[in-house]
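The primary structure of each chain is shown beneath.
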Amino acid sequence: MTSTEAEEGATNRPARSTSAVALFRLAFPLAGLLLAVLYVENTYGRIRLENLYYPYFVIGVLAVLSLTVFATELRGLADYSGELSFVESVRDALGEWNRSIGFSLVAIGYIWLIEPIGFFIATAIAMVGVMLVGGRRDPLWISISTVIILVFVYVMFVQIMGLRPPSGPLGL
Amino acid sequence: MTPLQLDLISQAFGVLLTPENLVFIAVGVTFGMLAGSIPGFTGTNTVAIALPFTLPMTAEIALVTLSAIYVGANYGGAIPAVLINTPGTAGATATVLDAYPMSQQGDASKALGISIFASVVGGFVSAIIILFLLQPIGEIAFLFTNREIFVLGIFGLTAVAVAIGDNIRKGLVGGFIGLLIAVMPVDPTTGQRRLDFGFFGLYDEVPFVPVVVGLFAISELFYLINKAAISEDNSINTSYRDIFEGVRYVISRPVALIRAMGIGLIIGSMPGAGTSVANFVSWGAAKSMSDKPESFGEGNPDGVIASESSNSAVTAGSLVPTLALGIPGSGTTAVMLAALLLHGLRPGPQLMQNFALEANVIILSLLVANVFLLISALAISKYLVRVVTMPANLIVPAILALTVIGAFAMRSSMFDVWMMFIFGIIGFVMRENDYSLIPLILGIILGPIIEGSFLRSMLVSSNDPFYFFGSTIAIVLWVLTVLALFIQPLSNLIRGVIANRTDFMN
Amino acid sequence: MTGTNRRQFIKLTGAGIGASTLAGCLGGDDGDGGNGGGGGGGDDYPPSSLTFVNAYSEGGGVDTNFRQIQGYFEEYLGANLSPEYRAGAGTRTAATTVAQDEEVMRIGGTLSPATPAAIAVDEVEGTEPQYTLDDLQPLGTLSGEAAIIRVREDEDRFTTIQELVDYSVDNSVTVGASGPTNRNVLSIIQLMEATEADFTIVPYDGGGATQTALLQGEIDVAARSVYNSASIAEDSHCLCIYAEENPEPGLTNDAPPINDELGTDINYAPSNGTQFYYVSAAAAEAYPDRFEHVQQAFKDAHEDEDYRADLSEIDEEGKLVWNSPEETDAILQSAYETYRDFAPLFDEYVQS
């Protein structure tokens, strides 16, 4: 769907271990099945079975479909030979996606900080953090764009639309 | 069309076309467009925010202003969809699929031009249609009970699943995980909590706006942070010439426009059918009927027409049950009905009889608002396009901040912000493993509609499965569902046979 | 619990609510005159804007009622009220949001029995409630509306409530209501408990959807309330009302009280919907002057003649019901207790 520099760079990298590739490829259907298991564990016996026919039908079909996807993916991996160990593969992936991971960490910190320190202060910190992760270093650009976004958000959301994002001890 | 109706329409025009009203329409469209372009900020939010400002106005001006905001907000969702892979509203989700690849390929101006004109034409023509055919369309919409809504939901899911088609098994896994997520909140007919992990944010429903914004916008940021800019073409042309090229392209595709409008109008008219589904169904239909289905999702302009024209038609369509039956066709029209009540007009099934002038003013205001939308959207589009050439490390933090406040704004809930981020990660994993995002979203949007209408139908029919085949509309929809399942494989088969024979003969 | 026990219980538990509601309607002047607009409670209160936390979504009944009183309330309050929609989780989200306020900056608007019922349901289901009634300090009630039963205008199988009950004994009758555990469902359960009536309850996603289903012929009967079903008054026929007297004969075909028609003694209070406003109890205790100011402003707005004239213009003045904070508290307490004991009935009639 999207071609990235990271993907382009990946073509020259050594092949990752089969287990690491399999884990990543199966992550989505595995997450779905995990959710299904939690669903059954949480509802079976607590809610009358006749009220669970529909969700259990969905889970049943999902399980069958997931198995076919597992089979296809694993068959695809049968001829695959990894060059790196599992740990090296994880390290390699971290290297390939270092900016994305840096962005994720800043975003998680940002969302986590919004309630304790207030939306506007957290946003200012996050914007600076993401720009640094993205490779921007000039303080002038960083300052100007941070201020522009904060002013826009304040005018549009707080002044015009009357929204009240979480405010911290400083009331911002 | 009786002389009385024509007289009413001309009276309504007289009420509408005053300098004061035109100013309010212009302001309303611009405000709506700006608010709608913020990811996560829905048309309902925007109209509700504007409601207090309209209370001191006369009923007609208030309704005209709210309609203009509705039209503006509906289109506004397309702007970030085209430029930054982020549907501003759920109705613009399918717009992303082709418009953003176009922007990445350096065709942002054309994509924006297509989205504007397809949206305006879709909204304008649909408004004309409901102006003359409101009552008959309303009467057909009135025949859609839970039984028909259930079959319509199945049809929508099937049509899109088949259209996605690239990897049907992966698509179905995504769709069924979406359906599973949709059954986490309370049972709609017993009120029992199921799997909400104790979060109130998941109690009644899975909020799909943070889901959509997360899957598309946040997942895109993981890629974008590694790039120089959104567009791979740094010498991108931001002139009006390219924007008007998009307009010309739309004019050259009348069939695609009419098909998309029809789908939007029909789904928008059904109370309870889930208006945000129309753009997917329209996109799926356009792909299925295309000579080059494989180019959809890769930057096919017809995909943008399909989505934008249909979601504008939904705006007009959702007024059908609102005006003809007094039933809100969408969250936004529910607020407009409340506005009617606050101005002393009690909406109900008799609304068209009791307040025919006001109803006609509302419909006509859609026409005028679309004209203003065309002017204002084209005017700013040249400047908006420049977003795609701006450095990614400036764009990414701005998008992050706007999506966070947008996700928060809908329910003033930090839970929704976390939801958005988690679905961003899920979206990234899905994209990396070639899972289409659309089935997952459709499962989450259509899941509650399908489950609720299925359970209610079972209750009213005393668990009779044949009840689902008990009306002409339901049977027609079942037939369409079967056709959707088999028509594309059949068509591929026939094409393959013809191609083989041609090769053989050559 | 046996049927007989349930019937006795319904009579007993409802009595508390009935008494307190009646008391609320009759009395309740606990203030000391209007404030006239602005002026705080001894500090810089109120700020320019306070938040109105709506427990329901945009365009709903609580929103509409709030918009109608908003201007008057703001005038007496001396501050703007900025609406915030915290719909969902059976009003739990909104109640929790208001309960966490520490400085009387948020005013909540919600419905009884929905909000007290949510606490009761959580307790019965073994879920730890995120708030209790002790966390909420009512300002008073805004409006109230009795439950009613509507059928289509052209319905000829039953034209009275007695005929409906009789018909349901041998025939399948579906009754729609907005949501599976709300007060309108409760009103139907009460009817089934008090008579031989046998209905299939079909919960819908809101009152509008229920009414549409009635007019479409998908269901036979709609369990609604007086004002929130006014939009279909012309297309439907009201069979009975759950009140001692019918306050709106024009909107309800002059429907008789259900007990008068059936000779039953159904308690009306549990199904009576009351809109009330409230603040955080902790904040009210910490800032009694602020609470008094907000409460007085609400009361003054409620009594404002222009406000009442506005409602009178759209034939809605009858919905206004005033109860003092103490009386409102008693209504909530009673609703909570009622729902705690009603849980098994929902299990029997809705979840089975």
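Note that the coordinates shown come from a computational prediction; the quantities given were computed from them, not determined experimentally. (Residues numbered from 1 in each chain as written. Chains lettered and ligands numbered in written order. Predicted model: local features only at pLDDT ≥ 70, side-chain atom pairs only at ≥ 80, totals over all residues. Heavy atoms only, no water.)

1. Digging into the domain arrangement of chain C
Residue and element names in this part refer to chain C. Examined at the domain level, chain C breaks down into domain 1 (3-145 + 271-349) and domain 2 (147-267). Counting residues at the interface gives 22 residues for domain 1 and 22 residues for domain 2. Here domain 1 meets domain 2 over a buried area of about 2000 Å², counting both sides, of which 58% is carbon and sulfur. A per-residue breakdown of the area domain 1 buries against domain 2 is headed by Glu 145, Ser 271 and Tyr 349, which together make up 38% of the total. Where domain 1 packs against domain 2, one counts zero salt bridges. (Domains from an automatic or database assignment. Contact = heavy atoms within 4.5 Å. Buried area = accessible area lost by both parts, 1.4 Å probe. Salt bridge = Lys/Arg side-chain N within 4 Å of Asp/Glu carboxyl O.)

2. Notes on the pairing of strand S7 (residues 200-204) of chain C
All names here are of chain C. Of all five residues making up S7, four are buried, and the element is well covered by its neighbours. Both strand S6 (residues 174-178) and S7 contribute to a ladder of five bridges, which runs parallel. In the strand pairing of S7, Ser 178 is matched with Tyr 204. Handedness of the S6-helix H6 (residues 183-194)-S7 crossover: right-handed. (Buried < 20%, exposed > 50% of the residue type's maximum accessible area, 1.4 Å probe, protein only. Helix = DSSP H or I, 4+ residues; strand = E, 2+ residues; numbered from the N terminus. Pairing = 2+ DSSP bridges. Right-handed = clockwise from strand over helix to strand, strands pointing away.)

3. What about helix H4 (residues 59-76) of chain B?
The terminal C-alpha atoms of H4 of chain B lie 25 Å apart, and with 18 residues this matches the ideal 26 Å at 1.5 Å per residue to within 8%. A large share of H4 of chain B lies buried, amounting to 17 of its 18 residues. (Expected span 1.5 Å × (residues − 1).)

4. Some remarks on the nonpolar core
One broad trend across soluble globular proteins is that nonpolar side chains are buried collectively. Counting 137 residues, the largest nonpolar core has Tyr 110 and Phe 157 of chain A together with Tyr 75, Ile 130, Leu 224, Leu 323 and Leu 400 of chain B as the members making the most contacts within it. Ignoring anything within four residues of it in the chain, the contact list for Leu 323 of chain B reads Leu 134, Leu 351, Met 352, Ala 359, Ile 362 and Ile 363 of chain B. (Core = buried A, V, L, I, M, F, W, Y, C linked by side-chain atoms within 4.5 Å.)

5. Brief notes about a nonpolar patch on the surface
On the surface, a cluster of nonpolar side chains totalling about 750 Å² of accessible area is made up of Phe 466, Phe 469, Ile 475, Val 476, Val 479, Leu 480, Leu 483 and Ile 487 of chain B. The residue Val 476 of chain B is located in helix H22 (residues 472-505) in this model. (Patch = residues over 30% accessible without salt bridge, like charges linked within 9 Å, V, L, I, M, F, W, Y side chains within 5 Å. Areas by Shrake-Rupley, 256 points an atom, 1.4 Å probe, with all protein chains shown as cover.)

6. A short note on the interface of chain B and chain A
Every contact between the two is made by 66 residues of chain B and, on the other side, 68 residues of chain A. Contact between chain B and chain A buries roughly 6200 Å² in total, counting both sides, with carbon and sulfur atoms accounting for 78%. Contact with chain A buries area across many residues of chain B, yet Phe 176, Leu 180 and Asn 226 of chain B alone supply 11% of it, more than any other trio. The tally of links from chain B across to chain A stands at one salt bridge. The residue Glu 73 of chain A makes a salt bridge to Lys 170 of chain B at a minimum N-O spacing of 3.1 Å. Summed over the shared surface of chain B and chain A, the result is 11 residue pairs in polar contact (both at pLDDT 80 or more). A total of 12 residues in the side of chain B that touches chain A trace back to one element, the largest contributor, which is helix H19 (residues 392-411) of chain B. For the side of chain B that touches chain A, the residue count by class is 46 nonpolar, nine polar and 11 charged. (Polar contact = N/O pair within 3.5 Å; in protein donor to acceptor, adjacent residues only side chain to side chain. Nonpolar A, V, L, I, M, F, W, Y, C, P; charged D, E, K, R; others polar.)

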